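Descriptive analysis of the structure
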Amino acid sequence: MPDFAFAKPALPKTGALALLIAEGEAPWPAADSASSGGIARALKAAEFTGKKGQSCTILAPAMSGATMSRIVAVGLGKASEITQLGAEEAGGTAAALLAREPHATVAAQGLPAGLAAAVATGMALRAWRFDRYRTTEKDSEKPRLAKVTVLTDDAAAARAAHAPMAAVADGVFLTRELVAEPPNVLNPAELAQRCRRLEALGVKVEIFGPKELKKLGFGAMLGVAQGSANEPRMVVMHWNGAGTRRGARKEAAAPLAFIGKGVTFDSGGISIKPAGGMEDMKWDMGGAGTVVGLMAALAGRKARVNAVGLVGLVENMPSGTAQRPSDVVKTASGQTVEVINTDAEGRLVLADVVWYCQHRFAPRFMIDLATLTGAIIIALGHDFAGVFSNDDALSKQLQEAGEATGEKLWRMPLGEAYDKQLKSDIADMKNVGGRPGGAITAAQFIQRFVNGKPWAHLDIAGTAWSSKDAACVPKGATAFGVRLLDRLVADHYEK
Amino acid sequence: MTGFSRVAVRAVTTPPDRVPIAAPCPPGQAVPFEDGWREGQRQISGTLAACAAALATVPHAVLDARGLAPEAAIELARRVVERSWRWQALKRERDTELSRLDVWTDAPVLFEVGWTRVAAALAGQDFCRELVATPANLLTPVTFTQRLTRLRELGIGVEVLVRGDLRRAGLRGLLAVGRASANPPRVVALTWPGTQHRPGRSGGDAESPLAFVGKGLTFDTGGICIKPAEGMEAMRGDMAGAAACAGAMMALALRRSPCPAVAVLALAENAIGADAWRPADVIEMADGTEVEIVDTDAEGRIALADALVWTRRRFAPTLIVDAATLTGSIVVALGHQRAGLFCDDDTLSHHLLAAGEATGEALWRMPLGGGYREALDSDIADLRHCSPERMQPDASQAATFLQHFAGTTPWAHLDIAGVEAHEEADEEHAAGPTGFGVRLLDALAARYEADG
């Protein structure tokens, strides 16, 4: 991961240079004149106009007074329309083009300090790489970007703006790492231990093992876990950023609650999945990964909010002790569930954790995240995660935060007519409602454990992992939701 | 409306003797009991479904709607009539059907006034349901066309494009879809001038019609990408979009809508044969777009794309709404409870969503463009019509494909797969075709009439 510094604009003598250029604008005059107008000519020849997403690389340009290895130009789009996300994406694009360069300078001198900081954040988000298990890769094959200097007119302001963004990026990296870790390493106990790292940031971490879960009556979650040799865990993380300040309103003291599905590996259990693609099921803890990263982000930037993060961690395996299709389990709420399909296990975990969360914390809202259904992929693909909510205002806030961070949500319906599909002949409900509307009936199932509290469910099955690079997200674990929910908190819940 | 209504509905203030009286209670409420029943009269009560089921085998019944506001009485009667639909045309031994319903109401005049409009929509809905129910050996593109000629009685223009016309018009996509079948494809344009049509004036927006475009695959085997045998029989209903558009036109004409409207039905049978179209074929569509075929079972979007182009060219409509049983993906996404709405125009989308809520033909807006468009990039042509990957958001990709052919005309696409028929009867619906879309499109037109 590169180090970032901010400095007043001055043409560097060596290394690489990234020029962030708004549409129709000329390249940085200091650099262009040093090249005797060569940069402008090269960009013109490449038909580079500064449009969003455009880029152009010039190798070893002739510069008076400087020996630059490479200049990359990246388009920012229209100068009047540059958003934080746009600046991050331009930074991300630049980082990809600069991967072979140990030291780069980024000329963002026209941008306000906040956007210059966003450029650095975007670069970091793109440059992240999970290297733990690459033992034979030669250094010459590794990305080299180690130090980045962002040139901006107000370096101090950019530095101040960058600190909280970097904390959020650290949260993103934690999530990506957890999601990328293989399931033989990251089992429920190990994931719970990694949550302990958040204590260094001031987060209080409680870990519940099978005995405690049994005492709490988590029959649904324990039913999922019983097939695996790896014991389940529930982790509760508390961040009290609003504190008990005098004068703080009571409403602000009640925490926001984030709940994540953490199936560290999902074989499907007795309703076993087809072999093709089963390796993807290591990221069936993506919801939990996001909640952990989000708590790290909020604590890391000392968000003035009280928040709790709860993750239900299990492994879903077929075995002699595994639960069977047709088993009936009793949830913490007392409601019984007929398990029709053991591969619809995430909702069973969430049912108990959601119920526990609302009773223990009386939160202002609950947002759960889960790689829950294949149906949401058939509905929305990888462009949007599905949001299901009983609260129009919360849903709107979430969708806006999604637009702002590029982690987009599409609202999906709920309703009595869908809930009917969960009717069981022998228990209070079945755990699946059939193929039609599969993501909706899954959300309905969770809603049965929400007592009318403002609640939203994000089905991130199509967005937690990506098979192709995006500007700020290298392929692999995306950490979808961390930036989105951090933004939601910052925009609406820190007043 | 004589000859178009299945059930003759009238308001009465005194129920006739010896006719069963039905008093459905709203869901969740206790069964009301009224005294004063006359001797010899059968009383039917219980839920709407129970009443409607009982009434379906009674030739003449009274519906007790006393105490209800006229709109509520109309809605109740509508539900009973809609729910009592049964299709027995192909049975030699037929059960008695409800053919006469007297609505016992305190406000007979207001009821009768309001009912006219509802009756028109119900007639269109029945027309649609019958088309959807008819098996594919009896309903080919040609016989479908013949059944539409009946609409001329109502003042609807019926224009038919046969194979030669389709060739001349360049509808090569539709021709490819229908190529392997012994039953040749057709395009039928139904035109309703609207009662405020001012002939002789040209060009102005006032005369531009609303356009409905319907997918009319009278049978869909899947073609060379043949479907699994199980459930294939349901593919006789793959023309439900076209049927809904035809039904909506009937409703508009029966209620003498002031609004000019056209419906363009793309009719074809997707069969297997020695001359069938293939995956990997590239087809030059009506607007010149070269399209690579990936899956011959994604035929609806090809037929519709050509129909959209032709509709724009022929009628220059103010807006287009297409209806199609297009994808399995939308069933996975929204189930049987809602149809998918794909729309690039917020005003039109708003009107459709509102019309859906008002009629109970519920829609949910789904996304278009972006990554769904990227999935349609072809290596050798301008577009491919679907993605070869598994687990794809095919409904949004299909809609995005259609969007290309809708051009700049405000356009909405209704993916009605999953809502066009009910496997089992429920509170709202009889088993079988629902007629989904007829009342919705009729209500949409009404909103545009109201807007002037």
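Please read these numbers as outputs of a predicted model, since none were measured by experiment. (Residues numbered from 1 in each chain as written. Chains lettered and ligands numbered in written order. Predicted model: local features only at pLDDT ≥ 70, side-chain atom pairs only at ≥ 80, totals over all residues. Heavy atoms only, no water.)

We now examine a nonpolar patch on the surface. Residue and element names in this part refer to chain B. Judged by side-chain polarity, I224, I226 and I272 come together as a nonpolar surface patch covering roughly 260 Å² of accessible area. Locating I226 in the fold gives a position in the loop between β8 (210-220) and α7 (240-254). A relative accessible area of 47% means that I226 is categorised as partly exposed. (Patch = residues over 30% accessible without salt bridge, like charges linked within 9 Å, V, L, I, M, F, W, Y side chains within 5 Å. Areas by Shrake-Rupley, 256 points an atom, 1.4 Å probe, with all protein chains shown as cover. Salt bridge = Lys/Arg side-chain N within 4 Å of Asp/Glu carboxyl O. Helix = DSSP H or I, 4+ residues; strand = E, 2+ residues; numbered from the N terminus. Buried < 20%, exposed > 50% of the residue type's maximum accessible area, 1.4 Å probe, protein only.)

How big an interface is tends to be reported as the loss of accessible area on association of its parts. Residue and element names in this part refer to chain B. Annotation of chain B at the domain level lists domain 1 (8-114) and domain 2 (139-451). Taking only C-alpha atoms, the centre of domain 1 and the centre of domain 2 are 35 Å apart. Across the boundary between the two partners, domain 1 contributes 9 residues, which contact 10 residues of domain 2. Overall, the association of domain 1 and domain 2 removes approximately 830 Å² of surface from exposure, summing both partners, and the carbon and sulfur fraction of that is 43%. When residues of domain 1 are sorted by the area they lose upon contact with domain 2, E82, R83 and W85 head the list and together hold 56% of the total. There are 1 salt bridge connecting domain 1 and domain 2. Of the charged contacts, one joins E82 and R439 as a salt bridge, the two residues approaching to 3.9 Å between their closest N and O atoms. (Domains from an automatic or database assignment. Contact = heavy atoms within 4.5 Å. Buried area = accessible area lost by both parts, 1.4 Å probe.)

Now for the pattern of salt bridges. Here the structure, examined in full by the defined rule, presents 54 salt bridges over all chains. One salt bridge connects E345 of chain A with K261 of chain A, and the closest N-O pair in it is separated by 3.3 Å. Of the two residues, E345 of chain A sits in the loop between β12 (336-338) and α11 (346-361) while K261 of chain A sits in strand β9 (residues 256-266), which places them 84 residues apart along the sequence. By the burial criterion, E345 of chain A is buried, and K261 of chain A matches it. With a closest N to O distance of 3.7 Å, R117 of chain B and E449 of chain B form a salt bridge.

What follows is about the interface of chain A and chain B. In this assembly, 22 residues from chain A lie in contact with 23 residues from chain B. Of the roughly 1800 Å² buried between chain A and chain B on both sides combined, carbon and sulfur atoms contribute 63%. In terms of surface lost to chain B, no three residues of chain A exceed I378, W410 and Y418 of chain A, which account for 29% of the buried area on that side. Summed over the shared surface of chain A and chain B, the result is 1 salt bridge. A salt bridge links E374 of chain B to K468 of chain A; the nearest nitrogen and oxygen atoms lie 3.7 Å apart. The interface formed by chain A and chain B contains 11 residue pairs in polar contact (both at pLDDT 80 or more). Counting residues per element, the ones that place at least two in the side of chain A that touches chain B are α12 (375-380), β15 (409-411), α14 (416-419) and α15 (438-447) of chain A. With 5 residues, α12 of chain A is the largest single contributor of residues to the side of chain A that touches chain B. (Polar contact = N/O pair within 3.5 Å; in protein donor to acceptor, adjacent residues only side chain to side chain.)

Once that is clear, we can look at the layout of surface pockets. All names here are of chain A. Approximately 650 Å³ is the volume found for the second largest pocket. Every residue lining the second largest pocket is counted, 25 residues in all, and those nearest its centre are A127, W128, R129, F130 and P474. Looking at the lining of the second largest pocket, the elements with two or more residues in it are α3 (84-97), α4 (113-127) and β19 (476-477). Its residues assigned to classes, the lining of the second largest pocket shows 15 nonpolar, 1 polar and 9 charged. Counting contributing residues, the lining of the second largest pocket receives three or more from each of domain 1 (3-154) and domain 2 (166-492). (1 Å grid on protein atoms, 1.4 Å probe; cavity = no way out; pocket = protein on both sides within 12 Å on 5 of 7 lines; lining within 4 Å. Points joined across faces, edges and corners; volume = space filled by probe spheres on them. Nonpolar A, V, L, I, M, F, W, Y, C, P; charged D, E, K, R; others polar.)

A word on the packing of helix α3 (residues 108-133) of chain B against helix α4 (residues 141-148) of chain B. When two helices pack together, their arrangement is captured by the angle between the axes and the distance separating the axes. Residues and elements named next belong to chain B. Here α3 crosses α4 at 160 degrees, and the two axes come no closer than 12 Å. As judged from the angle between their axes, α3 and α4 are roughly antiparallel. α3 and α4 meet at a crossing whose hand is right-handed. Contacts from F127, E130 and L131 of α3 reach α4 at F144, R147 and L148. (Axes fitted to C-alpha atoms, helices over the stretch in contact; angles between N-to-C directions. Parallel < 35°, antiparallel > 145°, perpendicular 65-115°, else oblique. Left-handed = near helix turned anticlockwise from the far one by under 90°.)

It is worth spelling out empty space enclosed by the protein at this point. Residues and elements named next belong to chain A. Here the structure, examined in full by the defined rule, presents 3 cavities of 30 Å³ or more. A volume near 40 Å³ is recorded for the largest cavity. Lining the largest cavity are G223, V224, G227, G269, I270, N316, M317, A322, Q323 and T342. Considering only residue class, the lining of the largest cavity consists of 4 nonpolar, 6 polar and no charged. By volume, the second largest cavity is sized at about 40 Å³. For the second largest cavity, the full set of lining residues is T175, V179, G286, T290, I460, A464, T478, A479 and F480. Of all elements in the fold, only α5 (155-180) and α10 (286-300) reach the threshold of two or more residues within the lining of the second largest cavity. Looking at side-chain class alone, the lining of the second largest cavity contains 5 nonpolar, 4 polar and no charged residues.

This part takes up the domain arrangement of chain A. Residues and elements named next belong to chain A. Each assigned domain of chain A is listed here: domain 1 (3-154) and domain 2 (166-492). Each of domain 1 and domain 2 was reduced to a C-alpha centroid, and the two centroids are 37 Å apart. Opposite the 15 residues of domain 1 that make contact, domain 2 presents 22 residues. For the pair domain 1 and domain 2, the two sides together bury roughly 1400 Å², of which 62% comes from carbon and sulfur. Of all residues in domain 1, the largest losses of buried area upon contact with domain 2 belong to L125, R126 and W128, amounting jointly to 46% of the total for that side. Here E181 makes a salt bridge to R132, at a shortest N to O gap of 2.2 Å. Taken together, the links from domain 1 to domain 2 amount to 7 residue pairs in polar contact (both at pLDDT 80 or more). Among the elements of the structure, α3 and α4 are those that each provide at least two residues to the side of domain 1 that touches domain 2. Broken down by element, the residue count for the side of domain 1 that touches domain 2 peaks at 6 residues, all from α3. Split by residue class, the side of domain 1 that touches domain 2 holds 6 nonpolar, 5 polar and 4 charged.

Quick look at the packing of aromatic side chains now. Residue and element names in this part refer to chain A. Per the counting criterion, the structure on display carries 13 aromatic pairs over all chains. Note on F130 and Y133: the rings are 5.8 Å apart at their centroids and 65 degrees apart in plane angle, and the pair reads as edge-to-face. Y133 gets classed as partly exposed once you look at its relative accessible area, which sits at 42%. Seen in terms of ring centroids, F258 and F365 are 5.7 Å apart; in terms of plane orientation they differ by 75 degrees. Their pairing is edge-to-face. Residue F258 is found in strand β9, and its partner F365 is found in strand β13 (residues 365-370); the two are separated by 107 residues along the sequence. (Phe/Tyr/Trp six-rings, centres within 6.5 Å; stacked < 30°, edge-to-face > 60°.)

Attention now goes to the sheet that holds β12 of chain A. Backbone hydrogen bonds are what pair the strands of a sheet, in a parallel or an antiparallel way. Residue and element names in this part refer to chain A. The strand order across the open sheet formed by 3 strands is β11-β12-β16, and the pairing between neighbours is mixed. Each end of this open sheet is capped by a strand with a single partner; those strands are β11 (328-330) and β16 (429-430). Bridge count for β11 against β12 is 3 bridges, and the pairing is antiparallel. Along β12, the bridge assignment pairs V329 with V337. (Pairing = 2+ DSSP bridges.)

This brings us to unusual backbone geometry. Residue E47 of chain A is not a glycine yet carries a positive backbone phi of 55 degrees. On the secondary structure map, E47 of chain A appears in the loop between α2 (38-45) and β3 (55-59). With phi around 55 degrees, R18 of chain B is a residue other than glycine that occupies positive phi space. Within the secondary structure, R18 of chain B sits in the loop between β1 (8-12) and β2 (21-25).

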